[in-house]
Amino acid sequence: MLPASELVPAIVRAGGPTVALRCPAHPVAQALIRAVGRPLAAPSANRSQHLSPTLAEHVASSLGEAVDLILDGGPTAAGLESTILDLAGARPRILRPGPIAPAELAALLGGVDLWEGAVKPGDVQAAPGMAERHYAPRALLDLVAAGTGLAAGSGRAAYVAIGRLPTLPDGVRGILLPLDAEAVGTRLFALLHELDDAGFDRVVMEWPPEGEAWMAVRD
């Protein structure tokens, strides 16, 4: 993210003073840019605050007839939101954690800061994903300490554990994810889409471990 000149329309930068630039690695996105022959401006392919897509089917389910065409490049490689780096200030700052870790950026830039907190409803966000609620499923999602488990209750519930699945009451679907940040990141959004599509009312997920490797998943 960099300071924007007046050549960048206000609608592209959400009325703010900066603009985010992305250089996609995917060959389908690169082919589209080459075919158009000019800069492209586009948001993510999901409705605000809703789950991000990891498959073309997720885009179709979320946006429906609001889009005329979907380019299917296959499943997303990382499964999580991209890292957003603010270069408009005196020191580089990560506004949204993603697959590119702080250590990787620090090795190139000589050190980076991490923005922490949440933007209040109605306030302008410098970047997507800075509000307290973002990328959320339709089901009620609760985060609990590892091994907490889940008591029986009304409605369809799923319990997502990381590393070890505790004993659960009858009727609760248990899902075990590995103690591997990259594997969980690749699977997380797709799993939440599946649980929404299956009609679960409540999803209880264990907090991912602390540490830089898990930063994007925790966010």
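Residues numbered from 1 in each chain as written. Predicted model: local features only at pLDDT ≥ 70, side-chain atom pairs only at ≥ 80, totals over all residues. Heavy atoms only, no water.

Brief notes about the overall build of the protein
What counts, and what does not: Helix and strand definitions here come from DSSP, where helices need a minimum of 4 consecutive H or I residues and strands a minimum of 2 consecutive E residues; each element is numbered from the N-terminal end. Relative accessibility thresholds used throughout: buried, under 20% of the residue-type maximum; exposed, over 50%; partly exposed, between the two (1.4 Å probe, protein chains only). Working rule for contacts: check all heavy atoms of both residues, and any pair within 4.5 Å makes them a contact. Surface accessibility in these figures is a Shrake-Rupley result with a 1.4 Å probe; residues are shielded only by whichever protein chains are displayed. Only four residue types enter the tally: Lys and Arg on the positive side, Asp and Glu on the negative side, with His and both chain ends excluded. The location of each charge is read from NZ of Lys, CZ of Arg, CG of Asp or CD of Glu.
Helix and strand counts for the protein stand at five helices and nine strands. Put simply, the protein runs from its N terminus to its C terminus through helices and strands in the order β-β-α-α-β-β-α-β-β-β-β-α-β-α. Here the C-alpha coordinates of the protein stretch approximately 60 × 45 × 35 Å along the principal axes. Out of the 219 residues in the protein, the part that is buried amounts to 36%. Across the protein, contacts joining residues at least 24 apart in sequence account for 47% of those joining residues at least 6 apart. Summed over its atoms, the accessible surface of the protein is roughly 13,400 Å², and 56% of this surface lies on carbon and sulfur atoms. For the protein, the centre of its 17 positive side-chain charges and the centre of its 24 negative side-chain charges are spaced 3 Å apart.

So, the sheet that holds strand β6 (residues 140–144)
The following threshold applies: Note on pairing: two strands pair once DSSP finds at least 2 bridges between them. A fitted line through C-alpha atoms serves as each axis, taken over the contacting stretch for helices, and the angle formed by two N-to-C directions is quoted from 0 to 180°.
The sheet built from four strands is open, its strands ordered β6-β9-β7-β8 with parallel pairing. Two strands close off the open sheet at either side, each with one partner strand: β6 and β8 (172–177). Adjacent strand axes in the sheet meet at a mean angle of 20° when their direction is disregarded. Note: strand β7 (residues 157–162) against strand β9 (residues 202–206), four bridges, orientation parallel. Within β9, the position partnered with Ala158 by the bridge is Val203. Set on the sheet, helix α4 (residues 181–197) makes contact with β7, β8 and β9; between it and β8 the angle comes to about 165°.

Topic: the side chain of Glu81
For the record, the criterion: In protein, a polar contact requires one atom able to donate a hydrogen and another able to accept it; more generally it is a pair of N or O atoms within 3.5 Å, and residues adjacent in sequence count only if both atoms are side-chain atoms.
Its place among the elements puts Glu81 in the loop between α2 (56–63) and β3 (84–86). On the accessibility criterion, Glu81 (11% relative accessible area) is buried. Here the side chain of Glu81 touches Arg96 through a polar contact of 3.3 Å, side chain to side chain. With residues near it in sequence (within four places) discarded, Glu81 still touches Ser44, Ser52, Arg96, Pro97, Gly98, Pro99, Tyr135 and Phe189.

Considering the nonpolar core
The cut-off we apply is this: Throughout, nonpolar core names a set of buried Ala, Val, Leu, Ile, Met, Phe, Trp, Tyr and Cys residues whose side chains join them through atoms within 4.5 Å.
Judged by nonpolar contacts, the single largest core of 20 residues is most densely connected at Val160, Leu177 and Leu195. For this core, the secondary-structure elements that each account for two or more residues are β7, β8, α4 and β9. The leading source of residues in this core is α4, at seven residues. If we ignore the near neighbours within four places in the chain, the residues touching Leu177 are Val160, Ala161, Ile162, Gly163, Val184, Arg187, Leu191 and Met205. One finds Leu150, Ala157, Ala161 and Leu168 within the second-largest nonpolar core, a separate group that totals eight residues.

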